Amino acid sequence: MNKTLAGLNNLVDWFLPPEIAADREVRKQARMFLYSHLFGPVIGNSVPLAFYFLSPKPGVDIAILAASISAFWIYPFVLRATGRYNLLTVLSVENLIFSILWSCYFHGGVMSPTLPWTLTIPLLAFFYIGPSARMRAIILSQLAINLAIFYYLYQTTSPPSGGMSAGATQALGLVSTIAASLYVTMMALFYANALASQVELEGEMRQHQITASALRQATEDAKRASAAKSEFVAKMSHELRTPLNAVIGYSEMLLEDAIDEQDDTVASDLKRIHEAGHHLLKLVNEVLDLSKIDAGKMEVFNEFADCAPLLQKAAQTYRQAARQAKNELRVEAEAGVGVIYTDVMKLNQTIGELLDNAIKHTREGTITLAASRTRRPQGDEIAISVRDTGAGIAKERFESLFEQFSAAGDVSSTKYGGANLGLSLSRKLCHLLQGDITVESEIGQGSCFTIRMPASAGAGPAEDDAENEEVAAALAAAEARSRDLLAILAVAGNGPGARSSNVSTEKAAVNA
Amino acid sequence: MRKILLVEDNENNRDMLTRRLTRQGFEVCSAVDGPAGVAMASSESPDLILMDIALGEMDGWEATLLIKAAPETASIPVIALTAHALSSDRAKSVEIGCADFDTKPVDLPRLLGKIKACLEAWNRPPV
């Protein structure tokens, strides 16, 4: 049945003008209209045919009846050509009333065997017109006026008697009643089907709402868990740092002693302890920063800074480390790169991370720290790049470079700094400063990491939380779907009116 | 000899910094919490105060405010020490009236440079 109906729908859809095909609700009514007009005349013409055979002397009135019934076939084409659905509905109802009253006038008035067809008038009309109160009023008045005129004419003129025998009249009544029943059954079947699909739609919408609320619950749970995790990490980092301070401080003190006493072996051992302590501290700080950013608790404090000295100072911190790896560290600040307004400490941290990274992967090479300014109508952009002549990075690793822990299991992971916290943090810090880091590299040629950010940062930290964004996007999609379904239900006629208002309340509760 | 007051609640850090600064030729006295620090700022009249921020009940900011509010200690330069550099901390240290700001674990040469700069600025003869 459904398959047949789908095929029929395709057939009748040919007659639908695009603006009607686009509107789900009007399309449903228009389909009913088309079914009725395409198949109705086949059934309806059985009546004039019966008249023709049963009438002792068939008159021109039967030909007019057949013509007026066949005229329904024109409507679908006119609809396709003009798209004037409401006007055609009114005309079609008029046509139907005319056909029925015409045959009643010539064949017995209230006693006419074609009288049962009057029942189909309001039924069909209401199938076509949907919930519009104005259209309903028009159709009902139309019917009343027609009946009044018919009554007046029937009283004032002398209607012809058909001259059919009682047996013929009975046979005609039978044909007419069966045809009318068939017709109404056909339309009822189509309507029932349309109704069923609407119930299905409602069920689907309810399912979507359940999904949306489950999703919301899951997001909240995830947020709570994430906040708890961030708090734990923050506390742990703090607790880890206190003893680390002691390790670093005392080893540094002992190292000074050993250097004073020229005890090279002890000095070298103490240096290892000291460096390991610093490395550990750096990791702890990075974990703390990452958890702060993830929890949206990282504050941004913007201030003005002159780019050239900022770069010189950043390079100064890493000069010794560069020298140890026999690297030359150059600073190239373009003339006119000027002043930047941003969180200078975070920018410094990011530049430091990139310099550290470059020094780690370059031996006897050159590392260039450069800055330039690009004028743009929406505000200047500052680009700060760290270029090295080191081993280089394969293109397929570019994105994973900035992902936490992504390098685990990778052969080169140890070479590129284990957990990748540094680069991941750098990118997140840059996002916080409304900028980004990109990388260009070629194996054997070296790499270039570039920070790009607005020269003048706007106020307020930007949150960067890919996971939450994903969940939020899924939620938004689910909500949009529910909204669509609600909109469909809201315009759906008759019964669902009350139900759709219930659904709105439910939706409001979900939103709250 | 210049006298430095170190306000620090962690024993290891206090001991270590005291010893290292003493070796650099400073006289170092230390306080274990905010109230003691405020009291010693007045009783010891140090040339400079190193103030840890993450203290117990009375934090370093509050102690510094009290020191800056008392006329006899208001002119003593205070260098704030915080655990992990936060830009907002640095802004706050300036706002509260600290002469400078550094992070822990201290990089001794850097801290010494800041101490020296503060002492020089403070000792500048009045114009």
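Cut-offs and rules
Residues numbered from 1 in each chain as written. Chains lettered and ligands numbered in written order. Predicted model: local features only at pLDDT ≥ 70, side-chain atom pairs only at ≥ 80, totals over all residues. Pairing = 2+ DSSP bridges. Helix = DSSP H or I, 4+ residues; strand = E, 2+ residues; numbered from the N terminus. Axes fitted to C-alpha atoms, helices over the stretch in contact; angles between N-to-C directions. Contact = placed C-beta atoms within 7 Å. pLDDT = per-residue confidence, 0-100. Parallel < 35°, antiparallel > 145°, perpendicular 65-115°, else oblique. Left-handed = near helix turned anticlockwise from the far one by under 90°. Nonpolar A, V, L, I, M, F, W, Y, C, P; charged D, E, K, R; others polar.

Let's shift gears to the sheet that holds strand E2 (residues 27-31) of chain B. Residue and element names in this part refer to chain B. What the 5 strands build is an open sheet, ordered E2-E1-E3-E4-E5; its pairing is parallel. Here the strands that pair on one side only, and so sit at the sheet edges, are E2 and strand E5 (100-103). Within this sheet the neighbouring strands show an average axis-to-axis angle of 20 degrees, counted without direction. Bridge count for strand E3 (residues 48-52) against strand E4 (residues 78-82) is 4 bridges, and the pairing is parallel. Across the sheet, residue Met51 finds its bridge partner in E4, namely Ala80. Against the sheet, helix H3 (residues 60-69) makes contact with strand E1 (3-7), E3 and E4, and its axis sits at roughly 155 degrees relative to E3, the strand it touches most.

Here the focus is the sheet that holds strand E5 (residues 381-388) of chain A. Two modes of strand pairing occur in sheets, parallel and antiparallel, and in both the strands are linked by backbone hydrogen bonds. Residues and elements named next belong to chain A. Across the sheet, 5 strands lie side by side as E2-E4-E5-E7-E6; this open sheet has mixed pairing. This sheet does not close on itself; its edge strands, each paired only once, are strand E2 (328-333) and strand E6 (436-442). Shown here is a sheet whose adjacent strand axes are inclined to one another by a mean of 15 degrees, direction ignored. Packing against the sheet, helix H12 (residues 307-324) makes contact with E2, strand E4 (366-374) and E5, and its axis sits at approximately 175 degrees to E2.

As a further point, take the confidence of the model for chain A. All names here are of chain A. Considering every residue of chain A, the mean pLDDT works out to 82; 85% of them sit at 70 or more. Every residue in residues 407-417 scores below 50 in pLDDT, and together they form 9 contacts with partners more than four places removed in sequence or on other chains. Contacts for the low-pLDDT stretch residues 459-467, under 50 throughout, to residues beyond four places or in other chains number 13 contacts.

Our next topic: the packing of helix H4 (residues 46-54) of chain A against helix H10 (residues 166-260) of chain A. All names here are of chain A. Two elements in contact, H4 and H10, have axes whose closest approach is 9 Å; the angle formed by their N-to-C orientations is 170 degrees. Between H4 and H10, the crossing angle belongs to the class labelled roughly antiparallel. Crossing geometry of H4 relative to H10 is assigned as right-handed. Packed against H4, whose contacting residues are Ser46, Val47, Ala50, Phe51 and Leu54, the element H10 presents Ala168, Ala171, Leu172, Val175, Ser176 and Ala179 at the interface. Each residue belonging to the contact of H4 with H10 can be placed in one class, and the counts come to 9 nonpolar, 2 polar and no charged.

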